[in-house]
Amino acid sequence: MISKKVTDRINLQIEREMESAFLYLEMASRMVNEGYEGFAKWLTIQYHEEMFHSMKFARFLQDRGASFAVPAISKQEVKETTIKALFERVLAHEKKVTASINELYELALAEKDYPTQVLCQWYIDEQVEEEKNAEEILRNLALLGDSKQGTFMLNIELGKRKASIPLDFTEIGGED
Ligand code: OFO
């Protein structure tokens, strides 16, 4: 039986994952307005990934007989004026999410909740990937400097990103 403490903390994590989703959707919308369809595509896929992260937690709660509370997500403001600043925010945000996942893992350890510990390991791996992706984009942007042509080429490159997760949440199994 999952404890109320762990259930509440997972629900909080679901809220944070959905906030991430809405942040990236807002950023994607900004990129479309500025004509950068490739950056927008990358960020839109990131939105779907974050919704997947949320729903994977939700399904886990449901599989363990607990309920998931659909959070009210406030609008995520994006005031960054350059692509570099935008992706610096992505990286800073992912670092915060990593800390939040680690905190959940520590709670699962303290509560001797083994299934939540195993689930958290999936997210711990995922956060390594999330931070690496943002760092890679920032490294590329640093190499390009002020080159508009280079930035446009990176935009084309990132536009090739494909979703690696099921977009239909009912396909999320409790077994993965
Ligand atoms: Fe869910 O990994 Fe980003 O926030």
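Look a little higher up for the structure.
Residues numbered from 1 in each chain as written. Predicted model: local features only at pLDDT ≥ 70, side-chain atom pairs only at ≥ 80, totals over all residues. Heavy atoms only, no water.

1. Quick look at the packing of aromatic side chains
Working step 1: Taken as a whole and judged by the stated rule, the model has seven aromatic pairs.
Working step 2: Consider the rings of Trp 42 and Phe 87, whose centres lie 5.7 Å apart with planes at 65 degrees: the pair is edge-to-face. Of this pair, Trp 42 sits in helix H2 (residues 37-63) while Phe 87 sits in helix H3 (residues 83-110), placing them 45 residues apart in sequence.
Working step 3: Overall, Trp 42 belongs to the buried group, its relative accessible area being 6%.
Working step 4: With relative accessibility at 0%, the residue Phe 87 sits in the buried group.
Working step 5: The cationic tip of Lys 56 hangs over the ring face of Trp 122; the distance from NZ or CZ to the ring centre is 4.7 Å.
Working step 6: Stacked on the ring of Trp 42, the Lys or Arg Arg 161 has its end atom at 4.5 Å from the ring centre. (Phe/Tyr/Trp six-rings, centres within 6.5 Å; stacked < 30°, edge-to-face > 60°. Helix = DSSP H or I, 4+ residues; strand = E, 2+ residues; numbered from the N terminus. Buried < 20%, exposed > 50% of the residue type's maximum accessible area, 1.4 Å probe, protein only. Lys NZ or Arg CZ within 6 Å of the ring centre and 35° of its normal.)

2. Topic: the nonpolar core
Working step 1: Counting 25 residues, the largest nonpolar core has Ile 2, Ile 10, Ile 14, Phe 57, Leu 61 and Phe 68 as its most contacted members.
Working step 2: Elements with a minimum of two residues in this core: helix H1 (4-33), H2, H3 and helix H4 (114-144).
Working step 3: Considering each element in turn, this core owes the most residues, eight residues, to H2.
Working step 4: For Phe 68, the residues in contact, after removing those within four places along its chain, are Asn 11, Ile 14, Met 18, Met 55, Ala 58, Leu 61 and Gln 62.
Working step 5: Among the nonpolar cores identified, the runner-up in size contains 21 residues, and Phe 39, Leu 43, Val 90 and Leu 158 belong to it. (Core = buried A, V, L, I, M, F, W, Y, C linked by side-chain atoms within 4.5 Å. Contact = heavy atoms within 4.5 Å.)

3. Looking at the packing of H3 against H4
Working step 1: The N-to-C vectors of H3 and H4 enclose an angle of 165 degrees; their axes lie 9 Å apart at closest approach. By the criterion of interaxial angle, the relationship of H3 to H4 is roughly antiparallel. Once H3 is placed against H4, the crossing between them reads as left-handed.
Working step 2: When grouped by side-chain class, the residues that make up the contact of H3 with H4 number 17 nonpolar, six polar and seven charged. (Axes fitted to C-alpha atoms, helices over the stretch in contact; angles between N-to-C directions. Parallel < 35°, antiparallel > 145°, perpendicular 65-115°, else oblique. Left-handed = near helix turned anticlockwise from the far one by under 90°. Nonpolar A, V, L, I, M, F, W, Y, C, P; charged D, E, K, R; others polar.)

4. Examining the side chain of His 93
Working step 1: Counting through the fold element by element, His 93 comes out in helix H3.
Working step 2: The class for His 93 is buried, based on a relative accessible area of 15%.
Working step 3: Only 2.8 Å separates the side chain of His 93 from the side chain of Ser 20, close enough to count as a polar contact.
Working step 4: Discounting residues that sit within four places of it in the chain, His 93 has contacts with Ser 20, Leu 23 and Tyr 24. (Polar contact = N/O pair within 3.5 Å; in protein donor to acceptor, adjacent residues only side chain to side chain.)

5. Details of unusual backbone geometry
Leave glycine aside and you will find that most residues have negative phi; peptide bonds, for their part, are mostly trans.
Working step 1: Of note, the phi angle at Lys 112 is positive, near 55 degrees, even though the residue is not glycine.
Working step 2: For Lys 112, a relative accessible area of 59% gives the class exposed.

6. Side note on the environment of Glu 135
Working step 1: Tracing the sequence through the fold places Glu 135 in helix H4.
Working step 2: Between the C-alpha atoms of Glu 135 and Val 90, which are 45 residues apart in sequence, the distance is 9.2 Å.
Working step 3: If sequence neighbours within four positions are ignored, Glu 135 has contacts with Leu 91 and Lys 95.

7. Quick word on the packing of H2 against helix H5 (residues 148-158)
Working step 1: One way to put it is that H2 packs onto H5 with a least axis distance of 7 Å and a crossing angle of 40 degrees. In this view, H2 runs oblique relative to H5, as classed from their interaxial angle. Handedness of the H2/H5 crossing: left-handed. Between H2 and H5, the residues in contact are Glu 37, Gly 38, Phe 39 and Trp 42 and Thr 151, Leu 154, Asn 155 and Leu 158, respectively.
Working step 2: For the contact of H2 with H5, the per-class residue count stands at four nonpolar, three polar and one charged.

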